[in-house]
Structure formats: C-alpha cells, structure tokens
Amino acid sequence: MGLTRREFLQLAAASGLGVTVLGAARPARAASKAGVGILIDVARCVGCRSCEMACKKYHGFPEEESADLGPQAWTYIRTVRLNRATPHLQLGEAGALQRTVKIQCRHCVEPACASACPVAALRKTPEGPVTYDPGRCLGCRYCMVACPFQVPRFEWHDRMPEIRKCNLCAERLVEGTPPACVEACPMEALQFGPREQLLAEAARRISNDRSRYVPAIYGAEEVGGTAILYLSDIPFEELGFPVVVREPLPSYTWRALGKIPGVVVGLGATLTVLEAVIRRRMELNGSARRKEEREQR
Ligand code: SF4
Ligand code: SF4
Ligand code: SF4
C-alpha cells in the first residue's frame, strides 16, 4: 500500500513536519495545540491486556477482563475479527485474522463532553487530560449524550453516582510519570508524549512502512483532533471506528442542544425516572426473593 503524494502531504501537515504546499494539504488546526497524549499502534498490539490490567490495578478496580468501558473499566481491549487474512506485524500469520484495539477516552482537543456540561465538571487541561470534578457534577449526563465515542459512564448503582472515564492518569503526569497503561505495554504499541511529537512519529512510521500502514492517523483531525492517536494496518472503518466530522463538536453540540432544550431536559428527567424505576424494581425483586427464601426454610 503506497502513499499518494496528496496523502503524504496531508500526513506531513497533520504531523507538523513543516511541509508547506499551499492548496495541497488541509491545515491541521489541532496539530499546534499543546498537551500530551498517547499514540496507539494497532499493528503492534498483540492483545495481551497488560495495559488494561495496569489501569485497573493503578486505579483500584477489580482486575478482570472487560468487554466494554465501564465505571471500573476506563480502558479495555476490543477484538476485531477480519474478513481477510492480513499478517500481523508482531504475530505474523498467527495473528492474521484479527486485530486487538485499545479503547479509552480520546481526550479531545475541544471536547464535546466538556462543552455540554452546564457546570464545567469536565474540562480540558492545558497539559492534555480531560478531567472530571465530581464536586461540581449535577448528574445530568449531558456529557454522555454529547461524546462522539460513547466514553463517559455513569455509576447507576451507586448511592452518590459519578461520571467515570479515563483521566489520562493526570495525577501521575503531575509527578512526571507516564500513564500506567503505557508503562505496562511490552510491545511498544503505546507511546506517550507531546501530541505534536506523536503525530510526527506516526507519520514517520507510515512513511517507513508504506506497504503495511493505512496512510492516515485517526485523531489527527477527527472532531478537531484528539490526544489519543491511532495508527493501523487495517482501515479504521473495519476496526469499527466511527466516521466523525473533522470540525470540533462543541459548536455542533450547542447548536443542537440550544435548539432543543426541552428535549435535553426531558432526556435528563427521563433517565432519572428510569433509574429510580430500575432501582425500585431491583429492591422489590430482592425483598420478594428474601421473603420466598424465608418461607421455604
Ligand atoms: S472522547 Fe468523549 S469523554 Fe473523552 S474527551 Fe472526547 S468527548 Fe470527552
Ligand atoms: S491513561 Fe491511565 S486512566 Fe487512562 S487508560 Fe491509561 S492507565 Fe487507564
Ligand atoms: S499492553 Fe500493549 S500489546 Fe498488550 S494489549 Fe495493551 S496495547 Fe496491546
């Protein structure tokens, strides 16, 4: 798979390599934004889940495999079966029929979740992580509706529920330590660093192995750019990545929400009522079961 001239110029522009050809390459608006991130190389990932377990261990969650994101699963490894055999960079023919992909919050440069939050409980820090302040959160769950990657999760069963998602190990970054998941990866499928350096590294890998890599960096421009960037040897659509707009979503979010405040408020209210009904049913089922057990004794 070779890079076309246009694709190369787009990559060079996205990675900030300094190639300037007017009219040939789309300017990468997010490339100049500061902050750190993670480059995830799908071609190198062998699906060992060391990253997933390291995240759980560090954050004190149960160390068991997850099949989706959750309040206690801020990252997980998704397995994607392929329609045609494509030898894996590390596993060769043995890994030709599937790919494993690390899923987590993308730490968007202009996050829709933060924009949708009416009390700024979520915010993009200049350092890179999109962080959450439970002390501010109202529990409206607008962030869940706004996120284009379905990342934020709600603690439905907690008495004092919070929104939960990856925080890019912000507390470790303050101490100069990389995220736990990155440190745990034995295959160098995860690389941590300033976003602009990661874009340049991704462009370098593509350019050095054009027969393998898809000539695109997912996250370079999607939704205005994300701090989590993906490289792959399989087209991103085949990995199940959503096709999203290249502009930041906050403007869309507010345009949409502003037009339908009743719907949004209604949605929040509906979720709250639904939660109360589910909780009540669970309590009733539990007490009915306990009563039955008492009668059988
Ligand atoms: S991926 Fe979703 S939750 Fe994460 S920063 Fe972007 S909009 Fe927010
Ligand atoms: S950056 Fe930290 S919180 Fe996020 S997935 Fe990695 S280990 Fe988990
Ligand atoms: S630790 Fe590295 S190789 Fe293992 S599943 Fe995670 S990203 Fe893939």
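Residues numbered from 1 in each chain as written. Chains lettered and ligands numbered in written order. Predicted model: local features only at pLDDT ≥ 70, side-chain atom pairs only at ≥ 80, totals over all residues. Heavy atoms only, no water.

## Side note on the overall build of the protein chain
Summing up its helical and strand segments, the protein chain has nine helices and nine strands in all. Across the 297 residues of the protein chain, 47% fall into the buried class. The contacts in the protein chain between residues at least 6 apart in sequence include a share of 61% that link residues at least 24 apart. Accessible surface, the protein chain as shown: approximately 15400 Å² in total, 54% of it carbon and sulfur. (Helix = DSSP H or I, 4+ residues; strand = E, 2+ residues; numbered from the N terminus. Buried < 20%, exposed > 50% of the residue type's maximum accessible area, 1.4 Å probe, protein only. Contact = heavy atoms within 4.5 Å. Areas by Shrake-Rupley, 256 points an atom, 1.4 Å probe, with all protein chains shown as cover.)

## Remarks on the site of ligand 1
The environment of ligand 1 is made up of 14 residues, and the closest members are Cys-105, Arg-106, Cys-108, Cys-113 and Cys-147. Here the shell around ligand 1 is built from residues that sort into eleven nonpolar, one polar and two charged. (Near = heavy atom within 4 Å. Nonpolar A, V, L, I, M, F, W, Y, C, P; charged D, E, K, R; others polar.)

## Some words on the site of ligand 3
Around ligand 3, 13 residues are found, and the nearest of them are Cys-45, Cys-48, Arg-49, Cys-51 and Cys-185. Given that more than half its atoms are within 2 Å of the pocket grid, ligand 3 belongs to the largest cavity. Of the residues assigned to the shell around ligand 3, the class counts are ten nonpolar, two polar and one charged. (1 Å grid on protein atoms, 1.4 Å probe; cavity = no way out; pocket = protein on both sides within 12 Å on 5 of 7 lines; lining within 4 Å. Sits in = over half its atoms within 2 Å of the grid points.)

## A look at the pattern of salt bridges
When their charged atoms lie close together, side chains carrying opposite charge are able to pair. The tally for this structure, following the rule as stated, stands at 17 salt bridges. As a salt-bridge pair, Arg-49 and Glu-65 come within 3.5 Å of each other at their nearest N and O atoms. Taken together, the positions of Arg-49 in the loop between strand 1 (36-41) and helix 2 (50-59) and Glu-65 in the loop between helix 2 and strand 2 (75-81) put the pair 16 residues apart, joining distant regions of the chain. For Arg-49, a relative accessible area of 15% gives the class buried. (Salt bridge = Lys/Arg side-chain N within 4 Å of Asp/Glu carboxyl O.)

## Quick notes on the packing of aromatic side chains
One pass over the structure, following the stated rule, counts six aromatic pairs. A centroid spacing of 5.0 Å and a plane angle of 80° characterise the contact between Phe-154 and Trp-156, whose relative ring orientation is edge-to-face. On the accessibility criterion, Phe-154 (4% relative accessible area) is buried. Given the relative accessible area of 32%, Trp-156 is considered partly exposed. Here Phe-236 and Phe-241 contribute two aromatic rings whose centre-to-centre distance is 5.4 Å and whose plane-to-plane angle is 35°, an arrangement assigned as tilted. A residue is classified by how much of its surface remains accessible, and Phe-241, at 5% relative accessible area, is buried. By the ring-pair criterion, three or more aromatic residues cluster together here, those being Tyr-218, Tyr-230, Phe-236 and Phe-241. One cation-aromatic arrangement involves Arg-106 over Phe-149; the distance from NZ or CZ to the ring centre is 4.3 Å. It is Arg-106 that lies over the ring of Phe-241; its NZ or CZ is 5.2 Å from the centre. (Phe/Tyr/Trp six-rings, centres within 6.5 Å; stacked < 30°, edge-to-face > 60°. Lys NZ or Arg CZ within 6 Å of the ring centre and 35° of its normal.)

## Quick notes on the side chain of Glu-222
Inspection of the secondary structure assignment puts Glu-222 in the loop between helix 7 (195-208) and strand 9 (228-231). A polar contact is formed between the side chain of Glu-222 and the backbone nitrogen of Gly-219, at a distance of 2.7 Å. With near-sequence residues (within four places) excluded, Glu-222 lies in contact with Ile-217, Val-244, Val-245 and Arg-246. (Polar contact = N/O pair within 3.5 Å; in protein donor to acceptor, adjacent residues only side chain to side chain.)

## Let's talk about empty space enclosed by the protein
Under the criterion given, the structure shown has four cavities of 30 Å³ or more. In this structure, the largest cavity is lined by 16 residues; those nearest its centre are Cys-45, Cys-51, Cys-185, Ala-189 and Leu-190. Looking at the lining of the largest cavity, the elements that each hand over two or more residues are strand 1 and helix 2. For the lining of the largest cavity, the class distribution of residues is eleven nonpolar, two polar and three charged. (Points joined across faces, edges and corners; volume = space filled by probe spheres on them.)

Take it as geometry only, folks, not as evidence of what the structure does.
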